[in-house]
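Analysis of the macromolecular model
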Amino acid sequence: MLSSFKAALRQAVQRPAWQQNLFIPALALLTALWIWLEGGRVLDVESLQTLWRSVHEPQNPFESLLAPLQASSDAVAALMALISTLSLCLFCRISRLVGIGPQTTFLLFLLLNFNPEYNDVRLQVSAFQPAMLLWLTGLYLFLAYYRNYLYWAFLAWALTAWLAALFVPAAAFWAGGFPLLFLFWPGRSNWRQRLRERGLFLLAYYALIVCIILVVAPWREAVTAWLPAFIQNLDLKRHDMSFFINANNPVDISLFEGFLIALLLVVVNAAKIIGPVIVLLVVLAVTRRAMNTVLEMRVRLFFAFSLGYFWALSAFAFMYYDALPSDLYYTPITMLTLWLVSGVVFYALQRVKSGRIPPQRLLILAWLMVAYALASIITFGPSLTYLREAGEWARQQRAGGRVFSNSLTALYYGGGAPFRNSDGFAEMGNAVSHYYDISTGDLYIHIQGRNNPQQPEDFELFDILHTFANERGDKAYILRPKAE
């Protein structure tokens, strides 16, 4: 049994490149479909808010692109699955482009495709999805053409970076600050000549950016208003960190010290998001230099600089927004980390192919990885399907009236605006005041959690039309106010 399992494992990792080119997108799409169905075809609240704005009041190009889909959850989830699949395919193409073999690339893809934290957000309706696809496109164009057309490769990278800024304004910092590392990119001439040539090139690049900002009035006003707010927010976060360290006797830390604390918090959060398996690979790559031999030195430095710059941007974002970025925003960090530890994966693959790992240990390791992959795509928490079903049922039965709810998810699927400041969101006590002078066509969806089974006192003022529940005992009551 062990010998047949070992032979099957070898055959899986030794597939020809053309088979992987078909198998990788197919597996990525199937994984996204599994996650969508396993999650009960319910999007998170932030995604629902994006869908609502896309139909009623688009605020950015991404939401305008979603408008033709008419906020259809299935259609939007399919679009996000397609974008995430293209991102994974580009991740694999870049891996092959920088010299990582097809078998190692396939294993890197599996580590990313079955990363639990990534699967929690891979279908999130976020403008960062197309921005990340553009970021990967820029990396691919630069790495594909830098040997023969360095400056054109840089311009192609810059173009995709600025296009990403149309979806995520923070990408402008990537497009504006990262090119400084272009000064240190290796070349054939001596370092003084490279510094002079590239310095003039970057000077023209930044001069063009400044001229465009000065000419376009909305951009000029936005930058003028943003800079004081940015400095003020950094200073406020510095004071907050002082109280966090010692509330009784606050230590007045400097802005640089606050930035170092932010860097540490970002590292801890990134380690949690990339998962224990990839963290273990990072530890092996750092402690065992012999495993770190796959990437060319200049490409390794490019990825390391990119990772460091993302790290710094995330720290500044934490200090500015007073919150760590969404898990989806850490996906480029995960990708860069996987490229940098590809030597460890290659080394492990060679040990498997050479038979230096005992079959019993290999079998245990394989089953652990299968369990890890299944855990990343199976929903263990309470299902939210009952919220969608309750909202859709109330939407069909409201008879021209409106739907109110104490759940943003149920409110959205009932046809309301999924925001706490909207007039459709109301707790039970506040809901009664809504119903005193309204027609009986209006409905109220009351969500009763399993941890709080006692019904509110105002519950007796309503008739229960229907009840939905999940397997954990959470209930959604469809209520109509009783006739006076």
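A brief structural summary. (Residues numbered from 1 in each chain as written. Predicted model: local features only at pLDDT ≥ 70, side-chain atom pairs only at ≥ 80, totals over all residues. Heavy atoms only, no water.)

1. Focus: the overall build of the protein chain
Per the secondary structure count, the protein chain includes 20 helices and 4 strands. Out of the 484 residues in the protein chain, the part that is buried amounts to 45%. Considering only residue pairs separated by 6 or more positions, the protein chain has 68% of its internal contacts joining residues 24 or more positions apart. When the accessible surface of the protein chain is totalled, it reaches about 24,800 Å², and 63% of it is carbon and sulfur. (Helix = DSSP H or I, 4+ residues; strand = E, 2+ residues; numbered from the N terminus. Buried < 20%, exposed > 50% of the residue type's maximum accessible area, 1.4 Å probe, protein only. Contact = heavy atoms within 4.5 Å. Areas by Shrake-Rupley, 256 points an atom, 1.4 Å probe, with all protein chains shown as cover.)

2. Brief notes about helix α5 (residues 73-97)
A rise of 1.5 Å per residue sets the reference length of α5, with its 25 residues, at 36 Å; its end C-alpha atoms lie 36 Å apart and thus fit the reference within 8%. Gly 99, located one to two residues past α5, shows a positive phi value of around 105 degrees. (Expected span 1.5 Å × (residues − 1).)

3. Observations concerning the packing of helix α9 (residues 150-167) against helix α11 (residues 191-215)
Put simply, α9 and α11 touch, their axes get as near as 13 Å, and they point 25 degrees apart. Of the possible angle classes, the one that applies to α9 and α11 is roughly parallel. Considering only the axes of α9 and α11, their crossing is right-handed. Only Glu 197, Arg 198, Phe 201, Leu 202, Tyr 205 and Ile 209 of α11 make contact with α9, whose side of the interface consists of Leu 150, Tyr 151, Phe 154, Leu 155, Ala 158 and Trp 162. Class assignment of the residues belonging to the contact of α9 with α11 gives a composition of 10 nonpolar, no polar and 2 charged. (Axes fitted to C-alpha atoms, helices over the stretch in contact; angles between N-to-C directions. Parallel < 35°, antiparallel > 145°, perpendicular 65-115°, else oblique. Left-handed = near helix turned anticlockwise from the far one by under 90°. Nonpolar A, V, L, I, M, F, W, Y, C, P; charged D, E, K, R; others polar.)

4. Digging into the packing of aromatic side chains
Tallied over the full model, the rule gives 33 aromatic pairs. Ring centres of Trp 393 and Phe 468 lie 6.5 Å apart, and the angle between their planes is 65 degrees; on these two criteria the pair is classed as edge-to-face. Taken as a pair, Trp 393 in helix α18 (residues 385-397) and Phe 468 in strand β3 (residues 462-469) lie far apart in primary sequence, 75 residues in all. (Phe/Tyr/Trp six-rings, centres within 6.5 Å; stacked < 30°, edge-to-face > 60°.)

5. A look at the side chain of Thr 337
Tracing the sequence through the fold places Thr 337 in helix α15 (residues 331-340). Judged by its relative accessible area of 9%, Thr 337 is buried. At 2.7 Å, the side chain of Thr 337 and the backbone oxygen of Ile 333 are in polar contact. Setting aside its immediate chain neighbours within four residues, Thr 337 contacts Ile 278, Val 282 and Leu 307. (Polar contact = N/O pair within 3.5 Å; in protein donor to acceptor, adjacent residues only side chain to side chain.)

6. Some details on the pairing of β3
Looking at chain direction, β3 and strand β4 (residues 475-481) are connected through 7 bridges and run antiparallel. Residue Phe 468 lies in a different strand from β4, and its bridge partner there is Ala 476. The antiparallel pairing of β3 with β4 creates a hairpin that spans 5 residues between the two strands, and Gly 473 there sits at a positive phi of about 100 degrees. (Pairing = 2+ DSSP bridges.)

7. Considering the nonpolar core
In this structure, Trp 135, Phe 142, Phe 303 and Trp 339 are the most contacted members of the largest nonpolar core, which totals 109 residues. In contact with Phe 142, not counting residues within four places along its chain, are Leu 150, Ala 153, Phe 154, Trp 157, Phe 182, Trp 185 and Phe 302. Membership of the second largest hydrophobic core comes to 12 residues, among which are Ala 390, Ala 394, Ile 445 and Ile 478. (Core = buried A, V, L, I, M, F, W, Y, C linked by side-chain atoms within 4.5 Å.)

8. Digging into the pairing of strand β2 (residues 443-448)
Of all the 6 residues making up β2, 6 are buried; the element is thus mostly covered by neighbouring parts of the structure. The two faces of β2 match: Leu 443, Ile 445 and Ile 447 on one face and Tyr 444, His 446 and Gln 448 on the other face are all buried. With 3 bridges joining them, strand β1 (residues 403-405) and β2 adopt parallel strand pairing. Bridge pairing links Phe 404 to Tyr 444 in β2. Examined bridge by bridge, β2 and β4 share 5 bridges and lie antiparallel to one another. Each residue of the ladder has a partner; that of Gln 448, found in β4, is Lys 475.

9. Here's the deal with the side chain of Asn 113
On the secondary structure map, Asn 113 appears in helix α6 (residues 102-113). For Asn 113, a relative accessible area of 0% corresponds to the buried category. Discounting chain neighbours no more than four positions away, the residues touching Asn 113 are Leu 27, Ala 28, Thr 31, Leu 88, Asn 119 and Arg 122.

10. A look at the environment of Tyr 321
Assignment of secondary structure puts Tyr 321 in helix α14 (residues 297-321). Taking the C-alpha atoms as reference points, Tyr 321 and Lys 237, 84 residues apart in sequence, are found 9.1 Å from one another.

11. Digging into the pattern of salt bridges
In the structure shown here, the tally under the stated rule is 7 salt bridges. Taking the shortest distance from any N to any O, the salt bridge between Asp 423 and Arg 402 comes out at 2.8 Å. With a gap of 21 residues between them, Asp 423 in the loop between α19 (408-413) and α20 (428-435) and Arg 402 in the loop between α18 and β1 connect regions that are remote in the sequence. Here Arg 402 falls in the partly exposed class, since its relative accessible area comes to 38%. Look at the salt bridges and you will find they share partners, linking Arg 147, Glu 296 and Arg 298 into a network. (Salt bridge = Lys/Arg side-chain N within 4 Å of Asp/Glu carboxyl O.)

12. Quick look at the sheet that holds β3
Strand order across the open sheet formed by 4 strands is β1-β2-β4-β3, with mixed pairing between neighbours. This sheet does not close on itself; its edge strands, each paired only once, are β1 and β3. With strand direction ignored, the average angle separating the axes of adjacent strands in the sheet is 25 degrees.

13. Observations concerning the environment of Val 277
Within the fold, Val 277 resides in helix α13 (residues 255-287). Placed 92 residues apart in sequence, Val 277 and Met 369 show a C-alpha to C-alpha distance of 9.3 Å. When residues no more than four places from it in sequence are discounted, the contact partners of Val 277 are Leu 111, Met 369 and Tyr 372.

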